[in-house]
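An overview of the molecular structure
Below are the chains, spelled out letter by letter.
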Amino acid sequence: NAGVTQTPKFRVLKTGQSMTLLCAQDMNHEYMYWYRQDPGMGLRLIHYSVGEGTTAKGEVPDGYNVSRLKKQNFLLGLESAAPSQTSVYFCASSYGWNQPQHFGDGTRLSIL
Amino acid sequence: AQSVTQLDSQVPVFEEAPVELRCNYSSSVSVYLFWYVQYPNQGLQLLLKYLSGSTLVKGINGFEAEFNKSQTSFHLRKPSVHISDTAEYFCAVRRTGGGADGLTFGKGTHLIIQP
């Protein structure tokens, strides 16, 4: 079982560059989430999706966009990367809104 | 809105000793509670969850937690730790009402097992 797969695992960007992080899940989960993890901050929700074609803002959405064109994929985009977006990004999915979330292994992103 | 406080950022414990990792939460509505573990360079794995019913919840790897509504706490315990338990532990909550807004996490507790 692959579970939740995030690509890429590592990336270094220059300020102002754009990129897209991909999250794919093979568990037929309806709900998908993007979090960022910063030292001493725990995880904070960026955006989430309750199903194909839907997205919603989380706690820290500014500077990010998301899309859920297919049920199994949830994309996180940075249009113009900033050093403050240096972080570890985690994708998660769940079968239902009250079910435990399953996490990917993370993407380490550095913005120079 | 909910918030989670993990009172200790770091807990050093000797191998085979018991450990308790503390978690308190604040919420104006009922919540579900979770503990996740994160090993180095990995994602988060669910240790245990409290949704309803018995306030003592048993999870994987010998961990358990007790939900105390009056004290708004959900402390994690293990009677005897191993070196392999060295990891970051996160307490998380979400409201019980419908909706898919995500989990609210504490800042984490780094459990350090000393031989």
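What this report covers is the structure whose coordinates are included nearby. (Residues numbered from 1 in each chain as written. Chains lettered and ligands numbered in written order. Predicted model: local features only at pLDDT ≥ 70, side-chain atom pairs only at ≥ 80, totals over all residues. Heavy atoms only, no water.)

What follows covers the state of the cysteines. Tallied over the entire structure, the rule returns two disulfides over all chains. The side chain of cysteine 23 of chain A participates in a disulfide bridge whose partner is cysteine 91 of chain A; the two sulfur atoms lie 1.9 Å from each other. The disulfide joining cysteine 23 of chain A to cysteine 91 of chain A has a torsion of about -75° about its S-S bond and is therefore left-handed. Of this pair, cysteine 23 of chain A sits in strand S3 (residues 19-25) while cysteine 91 of chain A sits in strand S9 (residues 87-94), and the two are 68 residues apart along the sequence. With respect to class, cysteine 23 of chain A is no different from cysteine 91 of chain A; both count as buried. A sulfur-sulfur separation of 2.0 Å characterises the disulfide bridge that pairs cysteine 23 of chain B with cysteine 91 of chain B. Classification of the bridge connecting cysteine 23 of chain B and cysteine 91 of chain B rests on its S-S torsion, roughly -65°, and on that basis the disulfide is left-handed. With a gap of 68 residues between them, cysteine 23 of chain B in the loop between strand S3 (19-21) and strand S4 (24-26) and cysteine 91 of chain B in strand S10 (residues 87-95) connect regions that are remote in the sequence. Look at cysteine 91 of chain B and you get buried, because its relative accessible area is 0%. (Disulfide = S-S within 2.5 Å. Helix = DSSP H or I, 4+ residues; strand = E, 2+ residues; numbered from the N terminus. Buried < 20%, exposed > 50% of the residue type's maximum accessible area, 1.4 Å probe, protein only.)

This brings us to the side chain of histidine 75 of chain B. Residue and element names in this part refer to chain B. Looking at the element boundaries, histidine 75 is found in strand S9 (residues 73-78). We classify histidine 75 as buried; its relative accessible area is 15%. A polar atom in the side chain of histidine 75 sits 3.0 Å from the backbone nitrogen of cysteine 23. Beyond its immediate chain neighbours, meaning those up to four positions away, histidine 75 contacts Glu20, Leu21, Arg22, Cys23, Asn24, Trp35, Glu64, Ala65 and Glu66. (Polar contact = N/O pair within 3.5 Å; in protein donor to acceptor, adjacent residues only side chain to side chain. Contact = heavy atoms within 4.5 Å.)

Before going further, it helps to examine the nonpolar core. Counting residues in each nonpolar core, the largest one holds 28 residues, and the members touching the most others are Trp35, Leu48, Leu76 and Tyr89 of chain B. With residues near it in sequence (within four places) discarded, leucine 76 of chain B still touches Val19, Glu20, Leu21, Trp35, Leu47, Leu48, Phe63, Glu64, Ala65 and Tyr89 of chain B. (Core = buried A, V, L, I, M, F, W, Y, C linked by side-chain atoms within 4.5 Å.)

Attention now goes to the pairing of strand S4 (residues 31-38) of chain A. Residues and elements named next belong to chain A. Buried residues dominate S4, accounting for eight of its eight residues. Where S4 lies against S9, seven bridges are found, and the strand directions are antiparallel. Bridging from a neighbouring strand, methionine 32 pairs with serine 93 of S9. (Pairing = 2+ DSSP bridges.)

In this section: unusual backbone geometry. That bond from threonine 7 of chain A to proline 8 of chain A is cis: its omega, -5°, falls within 30 degrees of zero. Along the chain, proline 8 of chain A falls in the loop between strand S1 (4-7) and strand S2 (10-13). A positive phi angle is found at glutamate 16 of chain B, which is not glycine, with a value near 75°. Structurally, glutamate 16 of chain B is set in the loop between strand S2 (10-14) and S3. Using a relative accessible area of 59% as the deciding quantity, one classes glutamate 16 of chain B as exposed. With a phi angle near 45°, threonine 72 of chain B is a residue other than glycine that sits in the positive phi range. Locating threonine 72 of chain B in the fold gives a position in the loop between strand S8 (64-68) and S9.

Scanning the entire structure with this criterion turns up 13 aromatic pairs over all chains. Taken together, the aromatic side chains of Tyr33, Tyr35, Tyr48 and Phe103 of chain A together with Phe34, Tyr36, Phe90 and Phe105 of chain B make up a single cluster linked through ring pairs. (Phe/Tyr/Trp six-rings, centres within 6.5 Å; stacked < 30°, edge-to-face > 60°.)

On to the pairing of S10 of chain B. A regular strand places its side chains so that they alternate between the two faces of the sheet. Residues and elements named next belong to chain B. Among the nine residues of S10, seven are classified as buried, and the element is accordingly described as predominantly covered. Both strand S5 (residues 31-38) and S10 contribute to a ladder of eight bridges, which runs antiparallel. Each residue of the ladder has a partner; that of valine 31, found in S10, is arginine 95. Bridge analysis of S10 against strand S12 (residues 109-114) gives three bridges, and the strand direction is antiparallel. When the sheet's bridge partners are listed, alanine 87 is paired in S12 with leucine 111.

Everything listed here is a matter of geometry and, on its own, says nothing about what the molecule does.
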